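# Understanding the architecture of this molecule
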Amino acid sequence: MEYKHSEIEKKWQKYWAENKTFKTEIDNNKKKYYVLDMFPYPSGAGLHVGHPLGYIASDIYARFMRHKGFNVLHPMGYDAFGLPAEQYAIQTGTHPAITTEKNIKRYREQLDKIGFSFDWDREVVTSDPKYYKWTQWVFIQLFNSYYCNQANSARPIDELVEVFSLQGTKDLDLACTEPMSFTADEWNSKSEAEQQEILMNYRLAYLAETWVNWCPALGTVLANDEVINGLSERGGFPVERKKMQQWILRITAYAQRLLDGLNTVDWSESLKEMQRNWIGRSEGATVFFGIENHPDMKLEIFTTRPDTLWGSTFMVLAPEHDYVDIITKPENKAQVEEYVTYAKNRSERERMTEVKTVSGVFTGAYGINPLTNEKVPIWIADYVLSGYGTGAIMAVPGHDSRDFAFARHFGLPVLQVVCAPGDEPKDTSTWEESYDSKDGVIINSGFITGMNVKEAISTVVKKLEEMNVGKGKINYRLRDAIFSRQRYWGEPFPIYYKDGIPYAMDEKDLPLELPEVDKFLPTESGEPPLARAKNWTYKGYPLEVNTMPGFAGSSAYYLRYMDSKNNNELVSKEAASYWVNVDLYLGGDEHASGHLIYSRVWDKFLFDIGVAITEEPYQKLINQGKIQGRSNFVYRINGTNKYVSLNLKNDYDTSALHVDINIVKNDELDIEAFKKQSPENASAEFILEDGKYICGWEIEKMSKSKFNVQNPDDLVEKYGADTLRLYEMFLGPLESHKPWDTNGIEGVFRFLKKLWRLYHDRDNNFILSDEEPTAEELKVLHKTINKVETDIKNFSFNTAVASFMIAVNELSELKCNKRKILDELTVLISPYAPHIAEELWQLSGHDTTVEYAAYPVFDAKYVHEDSFEYPVSFNGKVRFKINLPLTLSQDEVEKIVLATPEAQKWTEGKEVKKFIFVPKRIINIAVV
RNA sequence: GCCCGAGUGGCGGAAUUGGUAGACGCGUCGGUCUCAAAAACCGAUGAGGAAACUCGUGCCGGUUCGAUUCCGGCCUCGGGUACCA
């Protein structure tokens with residue numbers, strides 16, 4: 001009568017491993033399906049129950065699709081480069097490779113216990129030279145490429161060299177750092193060093209001096225997505241702006257394609273929106289203003305509202321703008337310098353928190369509006385950012401809230417040039433806010449007066465272009481990605497310096513392995529740790545001492561899984577053509593502006609150079625919710641060693657203390673276990689309610705210090721992997737964030753015991769009846785099959801678990817232990833609880849015939865007792881039995897079924913809305 | 001501020017295109033078995049009411065024979081983002 005989960009689970013895990021049950025090969029007779037999890041960073045803390053949530057869901061889907069006859073690729077690996085192992089190395093001297101290997105081993109043990117159907121033969125580890133050889137290879141390709149805006153594709157840099165030597169920059173539209181223009185003759189007369197410097201302006205991986213996010217505490221620079229509110233994402237340390245020479249990826253070249261691609265993928269609307277915001281496309285125009293007393297200079301500004309040119313009453317430069325020194329009048333110099341110094345010394349964080357403070361200073365200079373020839377004062381203010389647009393704006397206080405606040409603060413004039421539809425122009429001195437809306441009619445604006453805003457914008461842009469004082473322009477918020485880290489534990493750059501000029505290593509010399517160093521710290525002169533390595537040279541030239549950032553190794557790993565053992569190519573044409581891209585990708589939404597952007601850029605680049613087959617790497621993406629911690633508290637009466645139960649604590653003066661959730665069950669404290677925890681606890685006294693000590697609880701982040709970390713191994717040991725799998729799914733919708741709470745796990749465990757008992761007698765002998773199931777029993781089965789399949793397809797894994805429970809309850813009530821029911825039930829449940837399913841399947845023997853049952857759905861009227869009618873859909877009572885290949889989709893099955901004489905006879909004269917198909921015997925579980 | 005998302009019993013959460021709100025599980029209460037406990041099983045469990053019945057899906061209003069679902073206006077809580085011109 002006993003369900004021995006640990007015996008069963010060990011047996012099947014061993015069987016799967018020994019038989020390589022889940023090993024996947026290219027099979028052109030089967031349709032492919034690629035299920036991928038975001039691979040984990042193997043941290044020293046091991047897995048907690050939050051990690052497997054997504055893995056369980058993807059495993060269920062992978063197993064389900066295998067049953068459906070697909071050739072499923074479901075790999076796993078490790079994102080193994082990262083800060084924690086390096087910081088541990090700095091503290092202890094242990095090489096990060098050793099720490100990483102140890103952690104990976106632990107992760108693997110933990111993962112294996114949960115019974116995942118990963119093809120471990122395809123495992124990748126980003127810190128393995130065999131793997132990062134290809135990360136370095138991609139970097140070389142990026143270095144050797146430029147982006148042609150006309151072709152909208154990356155191209156080999158050699159091609160550009162040839163073009164330059166023939167026509168210079170004439171007729172070219174290239175993604176670049178700074179616009180350049182030169183003739184073929186000029187190019188040809190330049191030295192090697194000069195030419196290389198120019199090429200750097202166009203390479204997709206380039207070296208440049210820029211403002212970076214420098215984190216002194218971590219001793220490295222960070223990418224924009226690694227900085228949150230002015231603090232480092234990892235560790236929460238302050239981040240400063242600093243000008244440094246860094247490797248950068250020209251991801252902005254792909255901005256538009258990143259945006260367009262979002263329309264072709266099946267991602268959640270919120271995630272797509274996050275990416276759209278991060279890319280931040282805005283359409284507008286650049287306009288050249290004249291500068292009084294500087295006839296040879298033009299001040300370029302960017303605006304999204306060229307229609308408001310007549311309403312511009314002043315201009316603003318960012319404090320870092322190059323023109324500040326040049327145009328400032330001598331009498332304003334002192335004030336301007338003071339302001340620039342003030343602005344420079346404000347940290348990013350201060351600047352962010354003091355957004356509402358208006359500050360600025362007048363330069364004494366005037367700009368000249370190219371359309372109106374009006375003179376407008378030029379100010380300096382830090383609400384204009386040097387990094388966006390041109391670092392200079394024309395201020396239109398009447399129609400921009402920030403300009404409005406500035407104008408009011410400094411008493412600058414406000415003009416109205418747009419009028420709300422159906423409204424009369426109003427005296428701007430009475431305005432309390434600007435009219436920012438684009439819905440309106442232009443007034444007081446020369447030749448565009450009377451037009452609507454949209455019309456006016458295009459008319460002005462046309463005019464600006466005619467007059468050669470501006471042009472239409474699209475700006476993106478997206479910035480190029482800083483790609484250097486001053487760290488040891490990352491991929492070395494395959495770059496060496498000859499006379500200070502960077503060159504890519506020969507591909508055949510890859511991988512460039514990480515060198516040994518005596519310490520994992522920067523050198524005394526502040527150079528990155530790799531500068532400590534002896535003989536860190538290539539062909540006698542010094543090698544790059546920075547390493548690549550965390551996102552390097554994770555940007556193309558999905559391609560590598562397709563062909564992970566291939567030592568000659570990142571991925572073979574054959575493998576890439578068969579597997580194409582990821583059909584289902586599961587992971588957290590914290591990667592929206594990092595990994596999921598970089599990875600898409602790499603894929604597009606690899607597509608451009610003919611390695612990847614599609615432009616989008618991840619077709620469908622699901623963000624599983626984070627599992628939060630649920631802490632338990634005990635209440636100690638202040639100044640005593642007495643603890644009072646939750647509902648009585650208001651009668652006392654108490655302090656809440658975290659208590660280890662592992663000694664609390666359903667919020668009831670295990671007093672004996674508590675006493676054993678420490679000598680102090682041993683003498684504790686308790687004030688109980690109803691003979692129990694009830695703990696309080698709160699939702700917090702899962703962390704060791706809060707004693708609320710739930711380790712999956714303990715649960716697997718106690719309840720088994722099948723219970724854990726079912727319970728994690730049962731917890732709630734996959735995508736919502738939810739606290740971990742073991743309060744309900746017993747219910748799921750009970751369900752599995754019940755399932756086991758359905759086919760076992762009191763002495764734990766397997767019992768099975770060969771009788772034909774009754775109509776009632778079949779109804780239970782088919783209802784469940786239908787519901788569970790629909791749920792899995794909708795990724796509604798929690799409701800599917802409920803259906804299993806209902807089915808087993810009903811079958812228990814019917815005392816049904818029929819073979820036919822068991823066979824199908826086992827297959828159905830196996831994605832969720834594979835171990836028990838395998839065991840029951842084996843005990844019962846199997847049958848692999850495939851048969852579809854088709855239920856026509858038609859409209860009918862339901863007559864309510866209150867005598868009104870409403871339409872409903874009913875499942876038809878007639879059903880078809882047709883033997884068809886498993887690989888067919890529902891649509892294909894429908895087509896075939898509808899063509900049969902049987903179906904035509906039945907559907908005659910009836911309005912059949914759709915058919916529901918239930919594949920009966922699905923497939924042998926283990927041996928795929 | 002802006003952009004998303006969500007508010008349903010004591011708790012986690014269910015409810016095809018509007019159609020018996022609260023599936024399933026936890027907890028609680030009662031019972032069976034037992035010397036007893038554990039395990040297991042059975043029953044009850046949104047609120048009020050003896051009952052018939054009434055009220056109930058954040059709040060207010062609307063559409064409808066009928067609204068958790070659709071529309072308008074608010075409130076609250078999450079998440080993202082932030083002087084992007």
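Anything mentioned here points back to the structure above.
Computed from a prediction, not measured in an experiment: that's the story for all the values here.

## Regarding the overall build of chain A
- When you go through chain A residue by residue, the secondary structure sums to 30 helices and 37 strands.
- Within chain A, contacts between residues separated by at least 24 positions form 73% of all contacts whose residues are at least 6 apart in sequence.

## Concerning the packing of helix α27 (residues 819–829) against helix α28 (residues 834–844)
- Where α27 meets α28, the axes come as close as 9 Å, and the angle between the chain directions of the two elements is 150°. Classified by the angle their axes make, α27 and α28 are roughly antiparallel. As α27 packs across α28, the resulting crossing turns out to be left-handed. For the pair α27 and α28, contact is made by R819, L822, D823, T826, V827 and I829 and by A837, L840, W841 and S844, respectively.
- Of the residues assigned to the contact of α27 with α28, the class counts are six nonpolar, two polar and two charged.

## Digging into the pairing of strand β4 (residues 153–156)
- The pairing of strand β3 (residues 145–148) with β4 spans four bridges and is classified as antiparallel. Its bridge partner being in β4, S145 is matched across the sheet by P156.

## Structural notes on unusual backbone geometry
- Here the residue pair L510 and P511 is connected by a cis peptide bond, since its omega of -5° sits within 30 degrees of zero.
- Looking at the element boundaries, P511 is found in the loop between β21 (501–504) and β22 (537–538).
- In this structure, D499 is a non-glycine residue whose phi angle is positive, near 55°.
- Mapped onto the elements, D499 comes out in the loop between β20 (495–498) and β21.
- For D499, a relative accessible area of 74% corresponds to the exposed category.
- A positive phi angle is found at F795, which is not glycine, with a value near 55°.
- Secondary-structure assignment places F795 in the loop between α25 (775–793) and α26 (797–813).
- A relative accessible area of 13% places F795 in the buried class.

## Re the sheet that holds strand β25 (residues 618–623)
- In space, the four strands of this open sheet follow the order β2-β1-β24-β25, with parallel pairing throughout. At either margin of the open sheet sits one strand with a lone partner, and together these are β2 (71–73) and β25. Taken over all neighbouring pairs, the strand axes of this sheet differ in orientation by 20° on average, direction set aside.
- Sheet analysis places strand β1 (residues 32–37) next to strand β24 (residues 582–587), joined by three bridges and oriented parallel. Bridge assignment links L36 to a residue of β24, and that residue is Y585.
- Across the sheet, helix α2 (residues 50–67) lies against β1, β2 and β24, angled at about 170° from β1, the strand it touches most.

## Details of the protein's contact with RNA strand B
- Near RNA strand B there are 38 residues, and of these T304, Y383, Y388, R402 and R750 occur at the shortest range.
- Sugar plus phosphate: this is where 62% of the atoms of RNA strand B within 4 Å of the protein reside.
- Y388 is positioned with one of its side-chain polar atoms (N or O) 2.9 Å from a phosphate oxygen of RNA strand B.
- Contacts to RNA strand B include N743, whose backbone N or O atom sits 2.9 Å from a sugar or linking oxygen.
- Of all the elements in the fold, those that place two or more residues in the surface near RNA strand B are α10 (269–279), β11 (298–303), α24 (745–758) and α26.

The rules we used
- Residues numbered from 1 in each chain as written.
- Chains lettered and ligands numbered in written order.
- Predicted model: local features only at pLDDT ≥ 70, side-chain atom pairs only at ≥ 80, totals over all residues.
- Heavy atoms only, no water.
- Helix = DSSP H or I, 4+ residues; strand = E, 2+ residues; numbered from the N terminus.
- Contact = heavy atoms within 4.5 Å.
- Axes fitted to C-alpha atoms, helices over the stretch in contact; angles between N-to-C directions.
- Parallel < 35°, antiparallel > 145°, perpendicular 65-115°, else oblique.
- Left-handed = near helix turned anticlockwise from the far one by under 90°.
- Nonpolar A, V, L, I, M, F, W, Y, C, P; charged D, E, K, R; others polar.
- Pairing = 2+ DSSP bridges.
- Buried < 20%, exposed > 50% of the residue type's maximum accessible area, 1.4 Å probe, protein only.
- Near = heavy atom within 4 Å.
- Polar contact = N/O pair within 3.5 Å; in protein donor to acceptor, adjacent residues only side chain to side chain.

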